[in-house]
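# Architecture at a glance
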Amino acid sequence: MDRLVTLGCSLTLDNFQKTWPDYLAEHLNLQCVNLGARGAGMDFVKNRLLSYRLISSDTVIIMLPSADRFDWYIDQGNPLQQNALNIASWQNGKHSDFVQLDGSLSDSSGFVLSGGEHRGEKRTWYKYFYSEYKASLDFWNSVYFLELYLKNKGINYRFTSAYDKHQLIEQLHNCGTDQDITSIPVLRKIDFRNFIYYKDDKGFLSFTSEHKFEVVDNYPVTEAHKKFAEYMATYC
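These remarks concern the structure in this document. (Residues numbered from 1 in each chain as written. Predicted model: local features only at pLDDT ≥ 70, side-chain atom pairs only at ≥ 80, totals over all residues. Heavy atoms only, no water.)

## Re the sheet that holds strand 1 (residues 3–7)
Read across the open sheet, the five strands follow the order 2-1-3-8-9; overall the sheet is parallel. Bordering the open sheet on either side are strand 2 (31–34) and strand 9 (195–196), each of which pairs with just one other strand. In this sheet, strand 2 lies alongside strand 1 in parallel orientation, the contact comprising four bridges. Along strand 2, the bridge assignment pairs threonine 6 with asparagine 34. Contacts from helix 5 (residues 132–153) reach strand 3 (59–64), strand 8 (156–161) and strand 9 within the one sheet, and its direction differs from that of strand 8 by about 160 degrees. (Pairing = 2+ DSSP bridges. Helix = DSSP H or I, 4+ residues; strand = E, 2+ residues; numbered from the N terminus. Contact = heavy atoms within 4.5 Å. Axes fitted to C-alpha atoms, helices over the stretch in contact; angles between N-to-C directions.)

Here it is in structure tokens:
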């Protein structure tokens, strides 16, 4: 059976309910290979896909996370190892873990995926080194890189988004720049014909809100995922 390969954050892979990849795979009669990870940012999503062996018959769909996420990598023996583990997402739904690019979990080394929240040692990074403009620049450059990569391999692909096209910052305290985000050069190069937005520029969370689906602990219920998958299926 041909495969649907999906990537994204916890809105793509949830430990407690079926998400849009499950429903979309059913609609398209494809085997679902879900490479999502809780708390993942665009840097992890990009490298996760590059590490995975695609075949020509695959269909790849990436739900873009927010642009303000910092995917921190911890080497074994790092003095901040335990501090980093304390703020890492619960990938298996039971306890926090580091994540490797092959999806394996570890408590000694790997990516610290915790979204755009100012938690633990990440507070220092956000306070002194974060910039909304630079984060947005890196985000869209990664999208363009993956677009070229997938086109070069002849892979059928689509992008969709958790967030609205022009509001990709998850945390309000991560907003603020003197630069015009819409003038980022690479935006003129990306082929947005391969993007699935709701109402031209809305993401899954806006779709959920406008259709009045319940959101529990910041997560749309499975019925919202099912309806969004039905919407996406018409563009695949």
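## Considering the packing of helix 1 (residues 20–28) against helix 7 (residues 222–233)
It is the contact of helix 1 with helix 7, at a shortest axis distance of 8 Å, that shows an interaxial angle of 40 degrees. As judged from the angle between their axes, helix 1 and helix 7 are oblique. Where helix 1 crosses over helix 7, the two elements pack in a sense that is right-handed. Judged by residue contacts, Trp20, Tyr23, Leu24 and His27 of helix 1 engage Thr222, His225, Lys226, Ala229, Glu230, Met232 and Ala233 from helix 7. (Parallel < 35°, antiparallel > 145°, perpendicular 65-115°, else oblique. Left-handed = near helix turned anticlockwise from the far one by under 90°.)

## Concerning the packing of helix 2 (residues 42–51) against helix 5
At their nearest, the axes of helix 2 and helix 5 sit 9 Å apart, and the two run at 15 degrees to each other. Looking at the two axes, helix 2 sits roughly parallel to helix 5. Classified by chirality, the crossing of helix 5 by helix 2 is left-handed. Along its contact with helix 2, which presents Met42, Lys46, Leu49 and Leu50, the element helix 5 presents Phe139, Ser142, Val143, Phe145, Leu146, Tyr149 and Leu150. Of the residues in the contact of helix 2 with helix 5, the class split is nine nonpolar, one polar and one charged. (Nonpolar A, V, L, I, M, F, W, Y, C, P; charged D, E, K, R; others polar.)

Purely geometric numbers; function is a separate question.
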